[in-house]
Amino acid sequence: MPSSSSILALATAITGASAAFQGFNYESKGRDQAGFEAEFKNAQGLEGTNGAFNSGRLYTMIQDGTVSDPISAIPAAISTKTSLLFGLWASAGQAQFDNEISALKKTAQQYCGKLDGLVAGISVGSEDLYRDSPIGQAAGENPGVGPAVLVDYVKQVRDAIKGTCLEKAPIGHVDTWTAYANTTNRELSDKLDWVGMDAYPYYENQKSNGIENAKELFQAAIDNTNAGTGNKPLWITETGWPVSGKSENKAQASIDNAKTFWREVGCPRFGKVNTFWFIMQDGGPSQSDKPSFGIVGGNTLSTKPLFDLSCDGYTDGGSGSSSSSSSSASQQSSSSASGSQGSQGQTSATATTGSASPASSASSGVSTLSTSAASNPGSGSSSGPVGTGGIVPSHTGLPGTGVAPSRTSAPPSGSSTPTPIGTGAAAGLNSFGAAVAAIMVAVAAF
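First, a word on what this report is: a plain description of the structure on this page. Just so it is clear, the model here is predicted, and its values are computed rather than measured.

Moving on to the overall build of the chain. Within the chain, the secondary structure is distributed over twelve helices and twelve strands. Every one of the 446 residues in the chain was classed for burial, and the buried ones make up 59%. Summed over all atoms, the accessible surface of the chain reaches about 14,900 Å², with 51% contributed by carbon and sulfur.

And the structure:
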């Protein structure tokens, strides 16, 4: 059991931070401490960023090749002074979640006192609600879980860290904006300190999703998330635009478009809203059916990105002038948010819009479909925005399809319970999924 002074030290470090966390997503598979250290150092040294990318989001607490040993990203973060958003994989059943809890407890025991100021928060699950929805199932995703299960997992995490140096860490959940827009999932968000939103306008292929509309589509995702969660403190946990790959309706994958998305969506929020970009390097080949989101090309780490990452002139929405569709950030302590059960005081940035209200998202092309209780098993009836035109969510899942190797978010191969590798981002619907979705749209229109 850590000493009271150690608990106080980390609690102070967690609650005292004022700047927003800024970093990338990192997979667990195949990485040891040296591998994580190399990636963290590379992120901090990226040209044009002034060392601002010094945080990282994890999908699991378990080291690859083990059952419940703490992931080696933790000592790597300590060595490189990289803050971490811990993640526990929550779609593989209680036995596997027990292993995640075990790794979390071991982390508190082994590294207490060394993690001062380096814990951004804890995420219970990743896109589990999306994969549990008809949209995720139609897209061929692996099974997820409903809100009731996640609420129980959140309680288990709070119990596990009680009395440890992680006790004050803010607890949240990461999912697609479509999952949060479904208000039946409010059962979960009300129990959280913050919500992590994954949103990819590139995949909103039932809308006019060219890069010229990406900023507005992203803001609509924020508005819908805020409306569905009662303006719970919002963190951006995944977003990006591919540098290469196939087209999604009007969305073209290119380095120039990835740069535009970075400037118009990322720059106004960096340093203001907790943001974890997808992704620094995914190693994805330049193939038409496998989009690559890596801002560093190839399979070799480099601090020279594929495009200019500086945000000069774009921190207010672009071109040095304010934009009503870009996000402003209001600093809000999540401990004061309605329904927050954590005593954490980390200053979280809540993404808001300067002029549009949450209800205005309807005018942004978000279709609303009424579905049966099956849309969220165990959560009762469902009604509300369920995707982009009812067919493809803003985040249609990358891994599981071999699209983004660095987003393999399942627990390591040594885990006692095999788990799905995909995290809810399929590169597109298969013909069956498209047919099902088309029927949904037709029925809704009728």
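Inspection of the secondary structure assignment puts Ala-160 in helix α7 (residues 147-161). Put simply, Ala-160 and Ile-101 are 59 residues apart on the chain and 7.0 Å apart in space, counted from C-alpha to C-alpha. Discounting residues that sit within four places of it in the chain, Ala-160 has contacts with Ile-101 and Lys-105.

Right, let's talk about the pattern of salt bridges for a bit. Under the defined criterion, the tally for this structure stands at eleven salt bridges. The shortest N-O distance in the salt bridge between Lys-106 and Asp-69 comes to 3.9 Å. Here Lys-106 is found in helix α4 (residues 94-111), whereas its partner Asp-69 is found in the loop between β2 (55-58) and α3 (73-80), with 37 residues between them in sequence. Accessibility expressed as a relative area gives 23% for Lys-106, which makes it partly exposed. Given the relative accessible area of 37%, Asp-69 is considered partly exposed.

Turning our eyes to something else, we now look at the pairing of strand β3 (residues 83-88). Of all six residues making up β3, six are buried, and the element is well covered by its neighbours. Neither face of β3 is left uncovered, since the one carrying Ser-83, Leu-85 and Gly-87 and the one carrying Leu-84, Phe-86 and Leu-88 both have all their residues buried. In this structure, β2 lies alongside β3, joined through three bridges in parallel fashion. Across the sheet, Ser-55 pairs through a bridge with Ser-83, a residue of β3. The pairing of β3 with strand β4 (residues 119-126) spans five bridges and is classified as parallel. Bridge assignment links Leu-88 to a residue of β4, and that residue is Val-124. With α4 bridging β3 and its parallel neighbour β4, the resulting β-α-β unit is right-handed.

The geometry of an aromatic ring pair comes down to the distance between the two centres and the angle between the two planes. Following the criterion strictly, the structure yields 22 aromatic pairs and no others. Residues Tyr-202 and Tyr-203 carry aromatic rings whose centres are separated by 4.8 Å and whose planes lie at 75° to one another, so their mutual orientation is edge-to-face. Summarising the aromatic geometry, the rings of Trp-262 and Trp-277 are spaced 5.0 Å apart at their centres and angled 70° between planes, so their arrangement reads as edge-to-face. Of this pair, Trp-262 sits in helix α11 (residues 255-266) while Trp-277 sits in strand β8 (residues 275-277), and the two are 15 residues apart along the sequence.

To continue, consider helix α10 (residues 211-229). Compared with an ideal rise of 1.5 Å per residue, which puts 19 residues at 27 Å, α10 spans 27 Å between its outermost C-alpha atoms and is within 8% of the ideal. Burial runs high along α10: 15 of the 19 residues are buried. Of the residues one or two after α10, Gly-230 is the one with positive phi, at around 70°.

Pairs of packed helices are described in terms of their axes, by the angle between the two and the distance that separates them. Where α10 contacts α11, the two axes come as close as 10 Å, and the packing angle between them is 35°. Once α10 is placed against α11, the crossing between them reads as right-handed. Taken together, the residues of α11 that come into contact with α10 (itself represented by Ile-211, Ala-214, Lys-215 and Phe-218) are Asn-257, Thr-260, Phe-261, Glu-264 and Val-265. Here the residues of the contact of α10 with α11 sort into five nonpolar, two polar and two charged.

Moving on: the nonpolar core. By size, the foremost hydrophobic cluster in this structure holds 84 residues, and its most contacted members are Phe-86 and Trp-262. Among all residues touching Trp-262, those that are not within four sequence positions of it are Phe-53, Cys-267, Phe-270, Trp-277, Ile-295, Phe-307, Leu-309 and Cys-311. By size, the runner-up hydrophobic cluster in this structure holds seven residues, among which are Phe-21, Trp-194, Trp-235 and Phe-276.

This brings us to the side chain of Thr-49. Structurally, Thr-49 can be placed in the loop between α2 (33-44) and β2. Of the residues examined, Thr-49 reaches a relative accessible area of 7% and is grouped as buried. One polar contact links the side chain of Thr-49 to the main-chain carbonyl oxygen of Leu-46, over a distance of 2.8 Å. Setting aside anything within four residues of it in sequence, one finds Thr-49 in contact with Ala-43 and Leu-309.

The linkage connecting Phe-278 with the following residue, Ile-279, adopts the cis geometry, with an omega of 15°. With respect to the helices and strands, the residue Ile-279 is situated in the loop between β8 and β9 (327-333). A positive phi is found at Lys-81, a non-glycine position, where the angle reads about 60°. Assignment of secondary structure puts Lys-81 in the loop between α3 and β3. Of note in the backbone geometry, Asn-249 takes a positive phi value of approximately 55° without being a glycine.

A word on the pairing of strand β6 (residues 194-198). In terms of burial, β6 is largely enclosed, as five of its five residues are buried. The alternating pattern of β6 places Trp-194, Gly-196 and Asp-198 on one face and Val-195 and Met-197 on the opposite face, and all of these are buried. The sheet contact formed by strand β5 (residues 171-176) and β6 spans five bridges and is parallel. Within β6, the residue paired with His-173 across the bridge is Val-195. Taking the sense of rotation as the criterion, the β-α-β connection linking β6, α10 and strand β7 (residues 234-238) turns out right-handed.

Another aspect to go through is α11. It helps to recall that an α-helix has 3.6 residues per turn; residues three or four apart then point in one direction. Where α11 is concerned, the buried positions are Asn-257, Ala-258, Phe-261, Trp-262, Arg-263, Val-265 and Gly-266. Considering only its buried residues, α11 is in contact with α10 and β8.

Below, the discussion takes up the layout of surface pockets. The computed volume of the largest pocket comes to approximately 210 Å³. Lining the largest pocket are 15 residues, and of these Gln-22, Thr-49, Ala-52, Phe-270 and Cys-311 lie nearest its centre. Grouping the amino acids of the lining of the largest pocket by side-chain chemistry returns seven nonpolar, seven polar and one charged.

Definitions and cut-offs
- Residues numbered from 1 in each chain as written.
- Predicted model: local features only at pLDDT ≥ 70, side-chain atom pairs only at ≥ 80, totals over all residues.
- Heavy atoms only, no water.
- Helix = DSSP H or I, 4+ residues; strand = E, 2+ residues; numbered from the N terminus.
- Buried < 20%, exposed > 50% of the residue type's maximum accessible area, 1.4 Å probe, protein only.
- Areas by Shrake-Rupley, 256 points an atom, 1.4 Å probe, with all protein chains shown as cover.
- Contact = heavy atoms within 4.5 Å.
- Salt bridge = Lys/Arg side-chain N within 4 Å of Asp/Glu carboxyl O.
- Pairing = 2+ DSSP bridges.
- Right-handed = clockwise from strand over helix to strand, strands pointing away.
- Phe/Tyr/Trp six-rings, centres within 6.5 Å; stacked < 30°, edge-to-face > 60°.
- Expected span 1.5 Å × (residues − 1).
- Axes fitted to C-alpha atoms, helices over the stretch in contact; angles between N-to-C directions.
- Left-handed = near helix turned anticlockwise from the far one by under 90°.
- Nonpolar A, V, L, I, M, F, W, Y, C, P; charged D, E, K, R; others polar.
- Core = buried A, V, L, I, M, F, W, Y, C linked by side-chain atoms within 4.5 Å.
- Polar contact = N/O pair within 3.5 Å; in protein donor to acceptor, adjacent residues only side chain to side chain.
- 1 Å grid on protein atoms, 1.4 Å probe; cavity = no way out; pocket = protein on both sides within 12 Å on 5 of 7 lines; lining within 4 Å.
- Points joined across faces, edges and corners; volume = space filled by probe spheres on them.

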